[in-house]
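# What the coordinates show
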Amino acid sequence: MQTLSYGDVKAAVERVADRVRPVAIAPAETGEGGHELFLALEFLQHTGSFKARGAHNFLQAHRESGTLPEAGVTIASGGNAGLACAWAARRAGVRATVFLPETAPRVKVERLRGYGADVRLAGREYAEALAACAAFAAESGALASHAYDHPLIAAGAGTLLEEIRARVPGVDTVVVSVGGGGLFAGMATAAREHGVRMVAVEPEHCRALDAALAAGAPVDVPVDSVAADSLGARRVSAAALEAARQDGVRTLLVPDAEIVRARRALWEERRLVVEHAAATAYAALSGGGYRPERGEKVCVVLCGANTDPSDLVV
């Protein structure tokens, strides 16, 4: 297993500086229990999600080490990681070949092509797209990236925690959605360094992290959730499992109904359009699964907005 350290996150901070958009923080209301709530608007990031951080860190690190091949980069993705990879590849002047499940939202496929990526649809689930991507990398010599399970990808995502700390002095807790675990692993690695608590939130029926904790190792799980297009990893990364075992981490499951309600509430009450994956983190608070203590400073990461908003507008 490739380990992830705080040094990896610090190196990523240097690589992504002036290359990604610094996160915007929106103070929300003071909660009924006397806590302070902040929203990290990471869906305003390049390509519409946090994934741009890891993608740029991955390609820049390979460029620095001279291991970026002529054949370019390839990745399998539910959509957001592919968008970020295509964006970073275009900026680096290399080709990107992106494998998606046939079920990927049309909006993501169209945006990928807009970034100049060669888009290939394979299978009905992420695991099938991943197998097709691996075969292509072996045949073409393209550099294989990963949607979440790589130290450079996770470290890039971890830079978000550093920015949140700078913009919310004294933040106690950060709440984040979990699919494959790259964002959580990177942020938790940095959070441990600073004594910040993490709450990892999964849909009830996309529970790869929860299942790994129960089994003591990453295991395959069924995937069936309204948020599966972004959080539908069958298996969580080993780095995410390791991070979830550390002190100061809490894991939660939320039902699809709460995710849908949270997404609609973000639109109706704040005029924020996010993916179901981003609403998953917010659902932990709006649905009552996580109840902050009096005086606690809580920041919820709204991680992506590559979605069709037509179902929100009545």
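Residues numbered from 1 in each chain as written. Predicted model: local features only at pLDDT ≥ 70, side-chain atom pairs only at ≥ 80, totals over all residues. Heavy atoms only, no water.

### A word on the packing of helix α2 (residues 51–65) against helix α3 (residues 80–92)
Stated precisely, the cut-off is as follows: With axes taken as lines fitted to C-alpha atoms, and helix axes fitted only over the stretch in contact, angles between N-to-C directions fall between 0 and 180 degrees. Secondary structure elements follow DSSP: runs of H or I no shorter than four residues count as helices, runs of E no shorter than two count as strands, and numbering proceeds from the N terminus. Relative orientations are named as follows: roughly parallel for angles under 35 degrees, roughly antiparallel for angles over 145 degrees, roughly perpendicular for angles from 65 to 115 degrees, and oblique for any other angle. By convention, the crossing between two helices is left-handed when the near helix turns anticlockwise from the far helix through less than a right angle, and right-handed when the turn is clockwise. In what follows, residue pairs with any heavy atoms lying within 4.5 Å of each other are defined as contacts. Three classes are used, and their members are as follows: Ala, Val, Leu, Ile, Met, Phe, Trp, Tyr, Cys and Pro are nonpolar, Asp, Glu, Lys and Arg are charged, and the others, Gly among them, are polar.
The geometry of α2 relative to α3 is characterised by a closest axis approach of 8 Å and an angle of 40° between their N-to-C directions. Classed by the angle they form, the pair α2 and α3 counts as oblique. Crossing hand, α2 versus α3: right-handed. On the side of α2, the interface is formed by Lys51, Ala52, Ala55, His56, Leu59 and Arg63, while α3 contributes Asn80, Ala81, Ala84, Cys85, Trp87, Ala88, Ala89 and Ala92. Looking at the contact of α2 with α3, its residues break down into 10 nonpolar, 2 polar and 2 charged.

### Concerning the sheet that holds strand β4 (residues 96–100)
Rules: Two strands form a pair only when DSSP identifies at least two bridges running between them.
Spatial ordering of the open sheet is given by β5-β4-β3-β6, a layout of 4 strands whose pairing is parallel. On the outer flanks of this sheet lie β5 (118–121) and β6 (143–144), each paired with one strand and no other. Inspection of the sheet shows β4 paired to β5 by 4 bridges, in the parallel sense. Within the sheet, the bridge partner assigned to phenylalanine 99 lies in β5 and is arginine 120. This element, helix α4 (residues 106–114), spans β4 and β5 of the sheet and lies at about 150° to β5.

### Quick look at the environment of leucine 59
What counts, and what does not: Relative accessible area decides the class of each residue, using a 1.4 Å probe on protein chains only: under 20% of the type maximum gives buried, over 50% gives exposed, and in between gives partly exposed.
Relative to the elements of secondary structure, leucine 59 occurs in helix α2. Accessibility expressed as a relative area gives 4% for leucine 59, which makes it buried. For the pair leucine 59 and proline 169, spaced 110 residues apart in the sequence, the C-alpha separation amounts to 31 Å. Apart from residues no more than four positions distant in its own chain, leucine 59 is found in contact with Leu68, Val73, Cys85, Ala88, Ala89 and Leu143.

### Points about the pairing of β4
Short version of the rule: The definition of a right-handed crossover adopted here requires that, viewed with the strands pointing away, the path from the first strand over the helix to the second runs clockwise.
Counting buried residues along β4, 5 of its 5 residues qualify, which places the element largely inside the surrounding structure. Here β4 shows a buried face lined by Ala96, Val98 and Leu100 and a second buried face lined by Thr97 and Phe99. Here strand β3 (residues 73–76) pairs with β4 via 4 bridges, running parallel. Its bridge partner lying in β4, isoleucine 75 is registered against valine 98. With α4 bridging β4 and the parallel β5, this β-α-β connection has right-handed handedness.

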